[in-house]
Structure formats: structure tokens, C-alpha cells
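# A structural walkthrough
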Amino acid sequence: MKSVSSLLTRMMHSRWYPGIIQYPVLAIFIFITYELFFGPINAHHNVGTALTWVLWWPLLPLLFLLSGRFWCAICPFATISDAVQRLVGNNRPVPRFLKKYGIWLIDAFFIAITWSDHVFGIVESPRGSAFMMVLIALGAITAGAFFERRTWCRYICFLGGLAGNYSRTGLVQLRGTPSICQNCKTASCYRGSSAAKGCPMFEYVRTMDTSARCNLCGRCVKNCPNHSIHVSLRRPFSELWFITRPRYQESFLAVVIMGIVFVQNMTMLSFWQHWQTALETLLHTQNYAITFTIIFLIAMAIPVGLLYLASWAMSHMNSESTHMNFARFGYALIPLDFSAHMSHNLFHLLAEGNTLINTGKAALGLGASNLPPAVLSMGTIQILQYLLLTIGGLGSIYTAYRIAKANYSNTRPAKIIIPMLLLLVVLFLVNAYTFSQPMMHRM
């Protein structure tokens, strides 16, 4: 463990880090965008679609677990934003509106993009995926041109919001040494120095107690004159147990992600068409946008309502308000969130993984390849999904217990979390049921 931590810290001291990774990643995404725009119009034959939706998007949650927000350090959209900022950046302060409501914008963007995918068929359309990439890049470019540091990543990017929640479960953390940092007068970790610019994510390492906004870019490590800052490994989920300043918006995102994953699963099941037809008959409409929007809103509202109900029940046991219980215990959903999200993504990665070979060979002119889409059998994939879901469910139960233990030491923690335990069991069973059903391929 210490040798790995030391290696990671030394790597961040290198002047080549993270650029040696950033620019190859940027080149890959330029290639992907080109293929999406100019490659085959059929998603099943487009390597850009396969690289985006079968490889990159499914692996992102796993990257957040293994390496925190490291992806944000090498993200091609952020790399472009940094370049624009160096060339024409005005470096204006972050607007108060973004500081106050940025997380709500992130929630809204995440919901809007998921809705747009299903209504406009972004995944099934290479051109639609390309336009989405361009829109995200334009947002990052605009933020880089007008505002300081990585305003886009910290306050606007929907991927940043997802990364912030999942990186709390991550195995890697960057922290300062309290006994050294408390006597530091330079604050060069934040302000920057001749070695590197200041923290792009607006973080003071000396007071940082979460990995939610640290992108492991290494600037603070290079800037610290006292060698106080280090990277270390930790137990997964452990940060969630001791959050001293719970934020309602972050818990809201966690419970909304649960609803989004449920919708993603439902639209791939065989009986989805029957549900859609029944709702169309009930509403006397055949407009898919209307019927999907209603189902989508209901799917998100149900877990939000259930968490409110559990929070209200817990308020009678710990004398906290329903609002505070929602904010505090919403973090306990994140392990189950992650496992359900990753279990869904596992289907794309393993049931559609061979499309990467098929489309890749065609794009490189190496001849046709007609491998079946699946890398593993559906039975094996389901076993892996159940295993992931079980780990996440147990992680959420234990996290709820540790949150109660850390904050309500005078009351029996196991008694306080009974409503939360019931909620987690319900969410686990719903997810387990959807993964037990045959799923339709999107690629």
C-alpha cells in the first residue's frame, strides 16, 4: 500500500504529468468524433459509437471507483477548455449563481441528457452522439473563455457531478498532512507557484476532507514547498461514513441516479413496449416523447419519495429534520447506486463488447469481422451483475449504519436506520428483478 501511494505521489511530481496522458486521450476523442460525424450512419457499424457507448461510458463508473476523479484531469473536454483559457481566457470570477446552484444545474443536465437519449435516440445515432460531444465541448470552451480555472468541471459538467458522487467511494485519495499544512503561510496549493498553476477545482488541500472535487491533476503536489501533500489508498466507501457537511443537492443526485438507472434498465426489457402501449392507450396519444417523459418522471420521483418517507420516519428516532436526514442518509445510497449503474453498464460492456472488434477492424480497413456481440454468456453476465449488486447493497447498509453511528452516538444506530434499511432492500430487489429479465441490445 505504501509503495503504491509513494509511486502515485512521485508520478504527480513529474512535469510530464498529466499531459502525457491528456493529449493521447484528446487525440482518441477527436478520432471518435470524426468517426461519429463521417463514419457509417448505422450505429452497429460505427467504431465511434462502439468506443463511446460500449467502452468509454460503461467504464467511467469503474474508473471513478478505482481512481477517484482522475478522469477529470485527463478529460478531453477539460483539455480543450484549458487551451482556450490560455489563449483567450478572461478569467472572470465564478458567478455567485453557479456557486450556489451549480449542483442543481448538474442534476438538471444529467436528467436532460438521459431524457434526450431516449427521446431522440442519441446512442443509436452516430450523428446524434457527435452533436452531443460537440455541445459538451462548446460548453467547456465557453466556460474556459469567460471564467477562471475549471469552472465548467466544478460547477456545470454533468459528468463532474457523477464523478463527484462516485469518487467518494474511490480507492484513491489526495490529502495534506495536517500538522504541516496548519503552519503553511503560502497557500501555494491553491494559488499556484512557478512550478504549476493553482488548483483548477478551487480546492484548498489544507481544509479538503473529501475527494468529490479533487481531480488528482497533481498541481498542488508540485506547488507544495513543504512536501505535505500525498496520495494514498483507502477502503472503498469509507469517505461516506464521516461526511460532516452533508449537502441536500448531492443526496438528491444520488437518489435520482437510482431512478435513471431503473429507467435505463426498463427500456431494454421485453415488456417495455407493452407498458408504453398501455400508457399511450390511457393518454390517447402515440407521442413517444410524452409517454416516456411521464414514465421517466415517475421513475425518478418514486425513489425520491421513498427516501423522503424513510427520512421522515428516521426523524422520529434521531430528532433531526426530515430535510437533514434526507441530506445525511442520501449518501448511503451511493454504493448501491454505483453497483446498479455498473451492473447496467456491464451488460453493454460484455454483451456488446465484440462490436468494438467488428467496427474497429472495418474502420482500419482490416476486413469484415462478424463476431457475435457478446463477450460472455448472458448467464455469466447476470451472475456478475448479482455479485456487484450484492456488494453495493451491503455497502449501502453498512454506510447507513456508520453514518448513524458517527452522528447519533447516544442512540442505537441499528434502530435509527431501520427505515433506511427497508428502503435499501426495496431498491435492491427492484434492481435484482430487472437484471433477472432478458435485455435487448442497443448496439
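Throughout, a residue's number is its position along its own chain's written sequence, starting from 1. pLDDT decides what is reported in this predicted model: residues at 70 or higher carry local features, side-chain atom pairs at 80 or more are listed and counted, and totals for whole chains, interfaces and linings draw on all residues regardless. Heavy atoms from the whole structure form the basis of all side-chain values; hydrogens and water molecules are not counted.

## A few points about a nonpolar patch on the surface
Rules: Grouping into patches uses exposed residues only, defined as over 30% relative accessible area, and leaves out salt-bridged ones; the cut-off is 9 Å for like charges and 5 Å for nonpolar side chains (Val, Leu, Ile, Met, Phe, Trp, Tyr). Throughout, the Shrake-Rupley method with a 1.4 Å probe supplies accessible areas, and for residues the shown protein chains are the sole cover considered. By convention in these notes, a salt bridge is any Lys or Arg side-chain nitrogen within 4 Å of a carboxyl oxygen on Asp or Glu. Strands here are runs of E lasting at least two residues and helices are runs of H or I lasting at least four, both read from the DSSP assignment and numbered beginning at the N terminus. Throughout this description, buried means an accessible area under 20% of the type-specific maximum (1.4 Å probe, protein chains only), exposed means over 50%, and partly exposed covers the range between.
A cluster of nonpolar side chains, contributed by Ile298, Ile302, Leu306, Leu309, Trp312, Val426 and Val430, occupies part of the molecular surface with about 610 Å² of accessible area. Among the elements that line the nonpolar patch, the one with the most residues is helix 15 (residues 288-318), at 5 residues. Examined against the element boundaries, Ile302 turns out to sit in helix 15. Its relative accessible area of 47% is what places Ile302 among the partly exposed residues.

## Digging into unusual backbone geometry
Note the cis peptide between Tyr17 and Pro18, where omega equals 0°. The backbone of His227 shows a phi angle near 55°, a positive value even though the residue is not glycine. Structurally, His227 can be placed in the loop between helix 12 (219-223) and strand 2 (230-233). Residues other than glycine seldom take positive phi values, yet Phe237 does so here, at roughly 75°. You can see Phe237 is positioned in the loop between strand 2 and helix 13 (248-266).

## A few points about the nonpolar core
Using the following cut-off: Buried Ala, Val, Leu, Ile, Met, Phe, Trp, Tyr and Cys residues form a nonpolar core when they are joined through side-chain atoms within 4.5 Å. Contact criterion: two residues are considered in contact whenever any of their non-hydrogen atoms come within 4.5 Å of each other.
Formed by 120 residues in total, the largest nonpolar core has its most connected members in Trp71, Leu174, Phe329 and Met420. Counting residues per element, this core draws most heavily on helix 13, which supplies 12 residues. With residues up to four places along the chain from it excluded, the contact list for Phe329 reads Met314, Asn318, Ala400, Ile403, Ala404, Tyr408, Ile416, Ile417 and Met420.

## Considerations on the state of the cysteines
This is how the line gets drawn: Two cysteine sulfurs form what is called a disulfide whenever their separation falls within 2.5 Å.
Enumeration over the complete set of coordinates arrives at 0 disulfides. Distance from the sulfur of Cys157, which forms no disulfide, to the nearest cysteine sulfur (Cys153) is 6.2 Å. On the accessibility criterion, Cys157 (9% relative accessible area) is buried. For Cys224, which is in no disulfide, the shortest distance to another cysteine sulfur is to Cys181 and amounts to 6.2 Å.

## A closer look at helix 18 (residues 355-363)
Those residues of helix 18 that fall on the buried side of the exposure criterion are Thr355, Asn358, Thr359 and Gly360. Buried residues along helix 18 sit in contact with helix 3 (47-67). Directly beyond the C-terminal end of helix 18, a positive phi value near 70° is found at Gly365.

## Remarks on the packing of aromatic side chains
Note the threshold: Paired rings are identified among Phe, Tyr and Trp, the last through its six-membered ring, by centres lying within 6.5 Å, and are further divided according to the angle between planes into stacked (under 30 degrees), edge-to-face (over 60) and tilted (the rest).
Counted according to the given criterion, the structure contains 30 aromatic pairs. Ring geometry for Tyr17 and Phe70: centres 6.4 Å apart, planes at 15°, overall stacked. With Tyr17 in the loop between helix 1 (2-13) and helix 2 (19-38) and Phe70 in helix 4 (residues 70-74), this residue pair connects regions lying 53 residues apart in the sequence. Summarising the burial analysis for this pair, Tyr17 and Phe70 share the class buried.

## Here's the deal with the side chain of Asn165
If you trace the backbone, Asn165 turns up in helix 9 (residues 158-167). On the accessibility criterion, Asn165 (3% relative accessible area) is buried. Ignoring sequence-local partners within four residues, the contact set of Asn165 consists of Glu250, Leu253, Ala254 and Ile334.

## Observations regarding the pattern of salt bridges
Taken as a whole, this structure holds 11 salt bridges when the rule is applied. Across the salt bridge formed by Glu250 and Arg168, the nearest N and O atoms sit 2.8 Å from each other. Taken as a pair, Glu250 in helix 13 and Arg168 in the loop between helix 9 and strand 1 (172-175) lie far apart in primary sequence, 82 residues in all. Here Glu250 and Arg168 have matching classes, each one buried. A salt bridge links Glu239 to Arg234; its shortest N-O distance comes to 2.8 Å.

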